[in-house]
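Here's the letter readout for the chains.
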Amino acid sequence: MMRLSHFDFLAPATIEEAVGLLQSKGADARLMAGGTDLLMKIKLGAIKPGFIISLKKIGGLDQISFDPTTGLTIGATALLADVADHPDILKHYPTVAQAARGTANVQVRNMGTVIGNLCNASPASDNAPTLLAMEAVLHIAGPEGKRKLPLDQFFKGPGMTALKPSEIVTAVGVPVLPPNAGTAYISLSARGKLDCTAVGAAVMVTMSGDVCKDIRLFVASCGPTPLRAVKAEEIIRGKQISDDLLAQAGSQASQESRPITDLRASGEYRTKMISVLTERVITEASKKARG
Amino acid sequence: MKEYSIVGKHVPRNDARAKATGSALYTDDMKLPGMLHGRLLRSPLAHARIVRIDTSRAESLPGVRCVITGEDTPKVKYGNWRLFPDTQDEYPLAVDKVRFIGDEVAAVAAVDLDTAEEALGLIEVEYEELPGVFDVDSAIREGAPVLHDYCPNNVSVNRKIQYGDIDKAFAESDYVREDVFTVHAVSPAYLEPCSAMAQSDLDGRITLWTSTQVPYIVQCLLASTLKMRENDIRVIKPYVGGGFGGKMELRAWEFCAAFMARKTGRPVKFTLSREEEFLAGRRRHAMKLYSKVGFKKDGTLTGKDLRIHLDGGAYNAMGPTATFLCGNFGAMLYRYPSYRFLGEHVYTNKPPASAMRGFGAPQSIFATETQMNIAAEELGIDPIEIRIKNAQVSGDEIPEVATVSSCGFIEALEKAAEMSGWKEKRKSLKDGRGIGIGCYSFISGGVFNWFNTQYPFSAAEVRVFGDGTAHLLTMAADIGQGCDTVLKQILCEELGLKMEDIRITSADTATTPQADLGAWGSRLTLMNGNAIVEAARKIKAQLFGTVSAKYNLNVIYDMECKNGRVYPANKPDRGMSFAEAVAMTQKANRGEPLVAFGYYTPRGKGLVTPAFSFGAQVAEVEVDKQTGIVEVKKFWTAHDCGTVVNPKAVEGQLEGAIQMGLGYTLSEQFIMDGGKTLNTHFLDYKMPNAMDMPPSEVAHIDTYEPEGPMGAKEAGEGLAIPTAPAIAEAVFHATGYRCRDLPITPEKILNGMEELPQAKSKPAARK
């Protein structure tokens, strides 16, 4: 039955206060930004927290800012809808906006946050693969002060992250993209236009003419966390992109991932699609990189 | 088409404002003082003997007012097929055995939902697990586990139809084609989960408010299962958020609400969660269809031999009717000189399948239409031409099955071809694009009286008043399809009144006339429309008498009721207002209220239906040949529903049908692990949403159904049928992959394309 269990709702005004509450309530407390994942888990009976600590009252945490030298910062309570429509993001990081816009439906985007989507650590997250490809860095606050953690060291398994007890992700930073960089993200699902991802791929390529100088390629929903296809990258890096090379990289990316069969797709279909999506995202990103 | 004043016009629906503003009250919105909240304990096992149930801990939980199991109830089996009591195979709560995961075992009523939910966890049930069967092939095998003792081979119902010499027909055919098709189960997924609230008065009479399509059936079956008299039970249908066939039986929570209300003396309400609906709710039948069909070289049909196994799940529910209809519809659309059908309804340890929009016809016609498309391909004939060659026409008769009085099928085929640019597109679409056709026919209500009612199939009471208004009372259930509006339109047309002049009271078994079999089988427009017309004509006869007397008119004059006036057709000035005519008629009868009843029960139309609808739908798709993902670009539909009573309502039916058809064809399915349903929420039950809806064009084919009110027949369910075969053919046209097992998933398309002969010789084309 879809009913919320009883909990106390706490809304601290500062990060320090929130960290303090996390310390005092321990494992019985959960952090909430938009609550679109958290409340579902409670309704389904997967967790029964005694305390919910909302981040929504903390001033400035919903900021989205862009600086031409340091890049983009998305605060912990910035909504998916705000990220999807933000002019600076649309201009400088269109794939970040696209991934936010591709997350769930309009109601969820008006409640949910990018950071929440990351901290939920679902292998099917729409926002993780693109941010990983762009070398995003998490800003974390905790009892021992602030620290930064590259996003590619954050995911440890489905629902598991590198956060230590009582730590809070306060923002995600995305560096200024290198010159001649292009990004792309494609996800597939069983239902046409509005669905959770059954398989996805995101890439950032840096081009020099027809030659790919650098590449970061991630596949989604094909392992316990978003996976980096390191060997597929090697096939492309430093080379002139050709159909043949793309096909090789696609099949290598398939071999590197270990998709399972679940409700949303079979492992076999996912394996095939990693190849197809790898070719497509690299093609699209390299096209964008060359302007 | 004949011009009417209100019939055929864009009349806004009665309920539009209430629904748009949120003021419409559904069952779950209602609360009564002292009301208890009910919850059901469901079986976690697919097949098991109940050894022991201990409810004592649940009963002692503070706030719990009542806990019941099957043993506390009168233990009366029920089912809609009362005519054949053997088929009534369900207890309101399990007795001795559970037969599917979700089978109702016990019920709790408590002061709030949390307490009721907690109490469920305190009921101890000891089961002895039994082996289960989860598909029809295993279930009919010798030695298979038996679900119901009365039915040792697990085949609960069979239906045979035969005419013509089928063996001779195949022997004389130039081309004979045999295929096996499988179609899957889907959920009606109505927006409003089932809900029922019961109250017992001091005399022990029950009032039940419930989200149902069939108030009368619920009244009768509630009476039999409670061992009460029918008239001591009043069933009221509030606003209902869709049914699609899934709410057309008595259900466990309706029984439990009533039983527990009597036991506690307090009102009791049950509302199902979406998870319960997906886990245990009624489904469309999965089927395995063996179809053999013969043709002459020129595409003329010679005969068809159809065998179907319906996967009925654990109980009959409306399976017997689906078994009949898939047989009947195997022989519709085209002229089969010979036909043989054997349908068998098979028990399996899964949630019961039942009625769902089309009721056996979508499955049967998917096979018919796909096979027609295959035959067209292999005989080198255009799919639309081969259909026109064999199409049924007005006046066709099939013994005991069909009397086709009106049929616009050929016109629909021609119109669909013209609207879609069929001829050009079949030749010139680019690689990955395809266009395909599917057709349908459907009933306008059923004839076969399986419920064994002693009442007419539909009834109407019309009261008219001296202020120029009327009150229509009917048991017809508006479940969102809009019959309250359509039936008012029919009465307005007949009496010459305006929509705002009519008050309607519907679907209350204590105040509306006996009886009505319910909202299913697309029956209300025709059957209730006819009852209303009859009642209105009785009223008019009296008003005409009054006007004739007042003006001393010649008895041969034709009289009319139009625009709020009653007058002789060719002497309009010698008339009076409707209001005056009513008042004068009453005065002539010492003030007696002016009331009339009308009834309809079909006669002389065979055992299936008084009237058939027809139609054709063309789909254009684009298939991504690397991912297998299908996008439907556009639908064109030409349909024959006789006189269109409310064009907007018909278009709404078409849009809804396309949405359901898209899901049925491409994305919706239950993912099962044996008897366990794994996808019990909308996140993983992939129902298409607004963003997936392709553009669509529609043409109403102008026909007049002599049996229907003002020439009308069905427009509700038939439209849900053609979408699957149309998309399947378009996918074939685009990719070469021919689907014989729904749904058409991307993976099936990719695997199917790999198996094509040309795929093995040529490398796959790059995007």
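Summarised in this report is the structure supplied together with it. Nothing here was measured: the structure is a model prediction, and the numbers come from that model. (Residues numbered from 1 in each chain as written. Chains lettered and ligands numbered in written order. Predicted model: local features only at pLDDT ≥ 70, side-chain atom pairs only at ≥ 80, totals over all residues. Heavy atoms only, no water.)

Let's shift gears to the interface of chain B and chain A. Many descriptions give the size of an interface as the accessible area lost when the pieces come together. Of the residues lining the interface, 33 residues belong to chain B; the matching set on chain A comes to 26 residues. Carbon and sulfur atoms supply 53% of the area buried between chain B and chain A, which totals about 2700 Å² over both sides. Viewed at the interface, chain A and chain B are joined by 3 salt bridges. In this structure, the salt-bridge partner of B:E754 is A:K272, at a minimum N-O distance of 3.4 Å. Taken together, the connections running from chain B to chain A amount to 7 residue pairs in polar contact (both at pLDDT 80 or more). If you list the elements that add at least two residues to the side of chain B that touches chain A, you get α3 (113-120) and α19 (746-755) of chain B. Here the element with the most residues in the side of chain B that touches chain A is α19(B); it accounts for 5 residues. Classifying every residue of the side of chain B that touches chain A gives 12 nonpolar, 8 polar and 13 charged. (Contact = heavy atoms within 4.5 Å. Buried area = accessible area lost by both parts, 1.4 Å probe. Salt bridge = Lys/Arg side-chain N within 4 Å of Asp/Glu carboxyl O. Polar contact = N/O pair within 3.5 Å; in protein donor to acceptor, adjacent residues only side chain to side chain. Helix = DSSP H or I, 4+ residues; strand = E, 2+ residues; numbered from the N terminus. Nonpolar A, V, L, I, M, F, W, Y, C, P; charged D, E, K, R; others polar.)

To continue, consider helix α16 (residues 578-588) of chain B. Residue pairs three or four apart in sequence face the same way in an α-helix, which turns once every 3.6 residues. All names here are of chain B. When we look at burial in α16, the residues that qualify are F578, A579, A581, V582 and T585. End-on view of α16: buried residues confined to an arc of 165 degrees, all on one side of the axis. Residues of α16 that are exposed and angled more than 90 degrees away from the buried face: K587 and A588. Of the residues flanking the end of α16, it is R590, one or two places downstream, whose phi is positive at about 55 degrees. (Buried < 20%, exposed > 50% of the residue type's maximum accessible area, 1.4 Å probe, protein only. Arc of directions from axis to C-beta.)

Here we take up the packing of helix α10 (residues 361-379) of chain B against helix α18 (residues 723-735) of chain B. All names here are of chain B. The contact between α10 and α18 brings their axes to 9 Å, and the two run at 30 degrees. Comparing their axes, α18 and α10 come out roughly parallel. The handedness of the crossing between α10 and α18 comes out as right-handed. Contact with α10, carried on its side by I365, F366, E369, T370, N373 and E377, involves A724, P725, A728, E729 and F732 of α18 and no other residues of that element. Classifying every residue of the contact of α10 with α18 by side-chain character gives 6 nonpolar, 2 polar and 3 charged. (Axes fitted to C-alpha atoms, helices over the stretch in contact; angles between N-to-C directions. Parallel < 35°, antiparallel > 145°, perpendicular 65-115°, else oblique. Left-handed = near helix turned anticlockwise from the far one by under 90°.)

The subject of this paragraph is the packing of aromatic side chains. All names here are of chain B. In the structure shown here, the tally under the stated rule is 29 aromatic pairs over all chains. Residues W81 and F324 carry aromatic rings whose centres are separated by 5.4 Å and whose planes lie at 65 degrees to one another, so their mutual orientation is edge-to-face. You can see W81 sitting in the loop between β3 (64-69) and β4 (97-98) and its partner F324 sitting in helix α9 (residues 319-330), a full 243 residues away along the chain. Given a relative accessible area of 17%, F324 falls into the buried group. Seen from their ring centres, F255 and F259 are 5.4 Å apart, and the 15 degrees between their planes marks the pair as stacked. Of the two residues, F255 and F259 are both situated in helix α7 (residues 252-264); the distance of 4 residues between them amounts to about one turn of the helix. Of the two residues, F255 and F259, neither departs from the other in class, the shared state being buried. Ring pairing ties together the aromatic residues W81, F84, F324, F359, F448, W450 and W520, which thus form one cluster. A cation over an aromatic ring shows up here: R307 above the ring of Y290, its NZ or CZ 4.3 Å from the ring centre. Over the ring of W520 we find R523, and its NZ or CZ is 5.5 Å from the ring centre. (Phe/Tyr/Trp six-rings, centres within 6.5 Å; stacked < 30°, edge-to-face > 60°. Lys NZ or Arg CZ within 6 Å of the ring centre and 35° of its normal.)

Everything listed here is a matter of geometry and, on its own, says nothing about what the molecule does.
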